[in-house]
Amino acid sequence: MLFRSEFLEKVSKLKKKDEKVAALRANDSYIIRTVLQGAFDPRIKWLLPEGDPPYRVNDLVDQENVLIKEGRKLAYFVEGGYPNLKQLKREAMFIELLETVTPADAKMLCAMKEKKLPWKGITVDIINEAFPGFIPV
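Fair warning: this is a prediction, and the values are worked out from it, not measured in the lab.

Caption draft 1: Highlighting the overall build of the protein. Assigned secondary structure in the protein consists of 7 helices and 0 strands. Listing the helices and strands of the protein from first to last along the sequence gives α-α-α-α-α-α-α. Computed over C-alpha atoms, the radius of gyration of the protein comes to 15 Å, within 12% of the 14 Å expected from 2.2 N^0.38 for 137 residues, which places it in the range of a compact globule. In terms of principal-axis extent, the alpha carbons of the protein reach across some 45 × 35 × 25 Å. The burial tally for the protein puts 42% of its 137 residues in the buried class.

Next comes the structure, spelled out in structure tokens:
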């Protein structure tokens, strides 16, 4: 099984738009959509400081499912989700999340909060062809 980040990296390297769309459709999941939405949807506003936070890279094995389990916690880090959460607690929770997922997934999450992905080749146009109307343009 590929980590979510490995899957999206693989999609980004596909040459044809149709192949990318087909791969996204075939591997549609809550966490894939959440990452794409977090990176590309202008309605999503991240409540975290710019740049990568200081975190310890997770060196444990068999962590590919952690992001699936912990993905719902991403609501803590965006505008509209848990507005009464103290900023220091929010930032500590994000660091904790980064330290529990795979290193590649942590890199992807840091890029996502900066409204991008760590790879080129996945665009709003491709996302909306795979999932019509998912990202507003």
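Resuming the write-up.
Caption draft 2: Geometry of the packing of helix 1 (residues 4-13) against helix 3 (residues 30-40). Put simply, helix 1 and helix 3 touch, their axes get as near as 11 Å, and they point 65 degrees apart. As summarised for this structure, helix 1 and helix 3 are arranged roughly perpendicular, according to the angle between their axes. Of the two elements, helix 1 crosses helix 3, and the hand of that crossing is right-handed. Across from Arg 4, Phe 7 and Leu 8 in helix 1, the residues of helix 3 making contact are Ile 31, Ile 32, Val 35 and Leu 36. Broken down by class, the residue content of the contact of helix 1 with helix 3 amounts to 6 nonpolar, no polar and 1 charged.

Caption draft 3: Structural context of the side chain of Asp 105. Here Asp 105 shows up in helix 6 (residues 103-113). Here Asp 105 falls in the buried class, since its relative accessible area comes to 0%. Within the local environment of Asp 105, its side chain forms a polar contact with the side chain of Ser 5, the two groups lying 2.7 Å apart.

Caption draft 4: Region of the structure containing the pattern of salt bridges. The full count for this structure, using the stated rule, is 9 salt bridges. Across the pair Lys 17 and Glu 129 runs a salt bridge whose closest N-O atoms are separated by 3.2 Å. One end of the pair, Lys 17, is in helix 2 (residues 17-26); the other, Glu 129, is in helix 7 (residues 124-130), and 112 residues separate them in sequence. By relative accessible area, Lys 17 is classed as partly exposed at 33%. Glu 129 gets classed as partly exposed once you look at its relative accessible area, which sits at 31%. With its nearest N and O atoms 4.0 Å apart, the salt bridge here joins Lys 69 to Glu 70. Lys 69 gets classed as exposed once you look at its relative accessible area, which sits at 67%. Through salt bridges with shared partners, a single ionic network connects Lys 17, Asp 125 and Glu 129.

Caption draft 5: Molecular detail of the nonpolar core. Grouped together as the largest cluster of nonpolar side chains are 37 residues, with contacts concentrated most on Leu 8, Leu 24, Leu 36, Phe 77, Leu 109 and Leu 117. Leu 117 has contacts with Val 35, Leu 36, Ala 39, Phe 40, Met 108, Ala 111 and Ile 122, leaving out every residue within four places of it along the chain.

Caption draft 6: Spotlight on the packing of aromatic side chains. With the rule as written, the count across this model stands at 4 aromatic pairs. Between Tyr 76 and Phe 77 the ring centres are 6.5 Å apart and the planes differ by 55 degrees, which places this aromatic pair in the tilted class. Ring centres of Phe 77 and Phe 94 lie 5.2 Å apart, and the angle between their planes is 75 degrees; on these two criteria the pair is classed as edge-to-face. Placement of the pair is Phe 77 in the loop between helix 4 (66-70) and helix 5 (87-100) and Phe 94 in helix 5, with a sequence separation of 17 residues. Assigned by exposure class, Phe 77 and Phe 94 land together as buried. Here the aromatic residues Tyr 76, Phe 77, Tyr 82 and Phe 94 are joined through ring pairs into a cluster of three or more.

Rules behind the numbers
- Residues numbered from 1 in each chain as written.
- Predicted model: local features only at pLDDT ≥ 70, side-chain atom pairs only at ≥ 80, totals over all residues.
- Heavy atoms only, no water.
- Helix = DSSP H or I, 4+ residues; strand = E, 2+ residues; numbered from the N terminus.
- Rg over C-alpha atoms; globule rule 2.2 N^0.38 Å.
- Buried < 20%, exposed > 50% of the residue type's maximum accessible area, 1.4 Å probe, protein only.
- Axes fitted to C-alpha atoms, helices over the stretch in contact; angles between N-to-C directions.
- Parallel < 35°, antiparallel > 145°, perpendicular 65-115°, else oblique.
- Left-handed = near helix turned anticlockwise from the far one by under 90°.
- Contact = heavy atoms within 4.5 Å.
- Nonpolar A, V, L, I, M, F, W, Y, C, P; charged D, E, K, R; others polar.
- Polar contact = N/O pair within 3.5 Å; in protein donor to acceptor, adjacent residues only side chain to side chain.
- Salt bridge = Lys/Arg side-chain N within 4 Å of Asp/Glu carboxyl O.
- Core = buried A, V, L, I, M, F, W, Y, C linked by side-chain atoms within 4.5 Å.
- Phe/Tyr/Trp six-rings, centres within 6.5 Å; stacked < 30°, edge-to-face > 60°.

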